[in-house]
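# Structural overview
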Amino acid sequence: MERNAFFDNAKVILIFLVVFGHMIQPFVGDSKSTEAIYMWIYTFHMPAFILLAGFFAKGSGNKKYIWNLMKKLIIPYLIFQTLYTIYYFLIGKADWQTGVFYPQWSLWFLFSLFSWHILLVLFKKIPAGWSIALSVFIGVLVGYFGEIGHSFSLSRTFVFFPFFLIGYWLTVDQMMLVKKRQVKIASIVVMAILFVIVYTLPAIDTGWLLASQSYSNLGADSYGGILRLVVYAIAAVMTTSVLAWVPKRNLGWVTKLGTRTLYVYLLHGFIVQFLRQFDLLTVNHWFDVVGIAGLSALIVIVLSSKPILTVSQPLIEGRLAKVQSLFKNRHKETSS
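Per-chain numbering applies: the sequence of each chain, read as written, is numbered from 1 onward. Given that the model is predicted, a residue must reach a pLDDT of at least 70 before its local features are reported, and side-chain atom pairs must reach 80 or more before they are shown or counted; all residues, however, enter totals for whole chains, interfaces and linings. Note that the side-chain values use all heavy atoms of the structure and ignore hydrogens as well as water.

## Remarks on the overall build of the protein chain
Each helix and strand in the protein chain was counted, giving 16 helices and 0 strands. Against the globule reference of 20 Å for 336 residues, the protein chain gives a C-alpha radius of gyration of 20 Å, in line with a compact fold. A principal-axis box enclosing the C-alpha atoms of the protein chain has dimensions of 70 × 50 × 45 Å. Each residue is assigned to one of three classes by its accessible area relative to the maximum for its type, calculated with a 1.4 Å probe on protein chains only: buried under 20%, partly exposed between the two thresholds, exposed over 50%. Counting all 336 residues of the protein chain, 47% fall into the buried class. Contact between two residues is taken to exist if any of their heavy atoms lie within 4.5 Å; hydrogens are not considered. Put simply, 79% of the contacts in the protein chain that link residues at least 6 apart link residues at least 24 apart. Computed by Shrake-Rupley with a 1.4 Å probe, the accessible areas treat only the displayed protein chains as cover when residues are assessed. Carbon and sulfur atoms provide 68% of the accessible area of the protein chain, an area that totals close to 17000 Å². Charged residues are defined narrowly, with Lys and Arg counted positive, Asp and Glu counted negative, and His plus the chain ends left uncounted. Where a charge lies is defined by one atom per residue type, namely NZ (Lys), CZ (Arg), CG (Asp) and CD (Glu). Between the mean site of the 28 positive side-chain charges and the mean site of the 13 negative ones, the protein chain shows a separation of 15 Å. Working definition: helices are DSSP H or I runs of at least four residues, strands are E runs of at least two. Numbering for both runs from the N terminus. Within these notes, the globule rule equals 2.2 Å times the number of residues to the 0.38 power, and the radius of gyration is based on C-alpha atoms.

## Thoughts on the packing of helix 7 (residues 154–169) against helix 11 (residues 224–243)
As a rule, the C-alpha atoms of each element are fitted with a line to give its axis, helices using only the stretch in contact, and angles between N-to-C directions run from 0 to 180 degrees. Closest axis-to-axis distance for the helix 7/helix 11 pair is 11 Å, and the angle between their directions is 35 degrees. As for how helix 7 packs across helix 11, the hand of that crossing is right-handed. Seen from helix 7, the contacting residues are F158, V159, P162 and F163; seen from helix 11, they are R228, Y232, A235 and A236. In the contact of helix 7 with helix 11, the residues fall into 7 nonpolar, no polar and 1 charged. Each helix crossing is assigned a hand: it is left-handed if the near helix lies turned anticlockwise from the far helix by less than a right angle, otherwise right-handed if that turn is clockwise. Here the term charged refers only to Asp, Glu, Lys and Arg, the term nonpolar to Ala, Val, Leu, Ile, Met, Phe, Trp, Tyr, Cys and Pro, and the term polar to all other amino acids, Gly among them.

## Focus on a nonpolar patch on the surface
A cluster of nonpolar side chains, contributed by L78, V100, F101, F152 and L154, occupies part of the molecular surface with about 420 Å² of accessible area. Looking at the secondary structure, you find L154 in helix 7. Patches here are clusters of residues that have more than 30% relative accessible area and form no salt bridge, with a 9 Å joining cutoff for like charges and a 5 Å cutoff for nonpolar side chains (Val, Leu, Ile, Met, Phe, Trp, Tyr). Salt bridges are counted wherever a side-chain nitrogen of Lys or Arg sits within 4 Å of a carboxyl oxygen of Asp or Glu.

## Observations regarding the nonpolar core
Here, nonpolar core refers to any group of buried Ala, Val, Leu, Ile, Met, Phe, Trp, Tyr and Cys residues whose side-chain atoms link them within 4.5 Å. Counting 98 residues, the largest nonpolar core has I50, W116, F164 and M175 as the members making the most contacts within it. The element contributing the most residues to this core is helix 1 (residues 5–24), with 11 residues. Residue contacts for F164: discarding those within four places in its chain leaves I50, A53, G54, A57, L113, W116, H117 and L120.

## Quick word on the packing of aromatic side chains
Classification of ring pairs rests on two measures: the distance between centres of Phe, Tyr or Trp rings, Trp counted by its six-membered ring, which must be within 6.5 Å, and the angle between planes, read as stacked under 30 degrees, edge-to-face over 60 and tilted in between. Applying the stated rule across the entire model yields 33 aromatic pairs. Between Y84 and F270 the ring centres are 4.1 Å apart and the planes differ by 5 degrees, which places this aromatic pair in the stacked class. Linking Y84 in helix 4 (residues 63–90) with F270 in helix 13 (residues 261–277), this pair joins segments that are 186 residues apart in sequence. Residue class for Y84 comes out buried when judged on its relative accessible area of 2%.

See below:
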């Protein structure tokens, strides 16, 4: 079956925003505009990514699928948890030491992705509307328990699960409704208004968007559930708005990058954390942010390149297909 370019294009845009968001994070407190860009991106980029992951989880459920998923997600998680721990120690990062089930930085996504597939075994037996409502209820409820936090990626697993579940229930035709002219026009207004709001409002705790802390830690013990529902609504509207402008046509090598986003996600931390640790980036003007955006795009392209895929595939996919292909091509060249 031919790949749908829309989904690969969406993943390219989202993985760029993941890298870009991580690159500008240290400068959020230095500039109101940088903070607004960061907050604006974080209202939707992970919910949208997770929704797409759920959309491609249609075959989830049987034992073979779960076993393959464990090899695809848990083994790379353990490998990269170890690699990042060693790397952080070598570059002198203060909080390098952590347990196996306390994910290093962005590795929470692998652990949560596996957990979402496990949860799906139960939730897909419930009618779509009720299952989504139940997942939202649980996502709101967990914020009241301080014990549910970063460990085992529990908080993010439950808070972001509604987006994974919505993605699972959506069909291609339903997904393509975002491409309607009315939706595209409305999305421009929505995205512009939200940016103005986050720019003009006082600083908002990013913990509401990262979903890894309890309401108590965020200073909203009693009304935290209401605020989480607001965050859910904003994320849903923004995800729809951004996807409305994702191109449907094949963009050649750009679309091809969408098939390699896992590599970028797992590897970009080595670059970003190095740049952070040694203060190699600064933001003193708006063109600095533009420069960081360009550098983020370059990181996505480089980490999606064939040499990087060849070297890292055994760690990420547990196989040597790229290496074997390379040797076969060389053998053909020498034989001819």
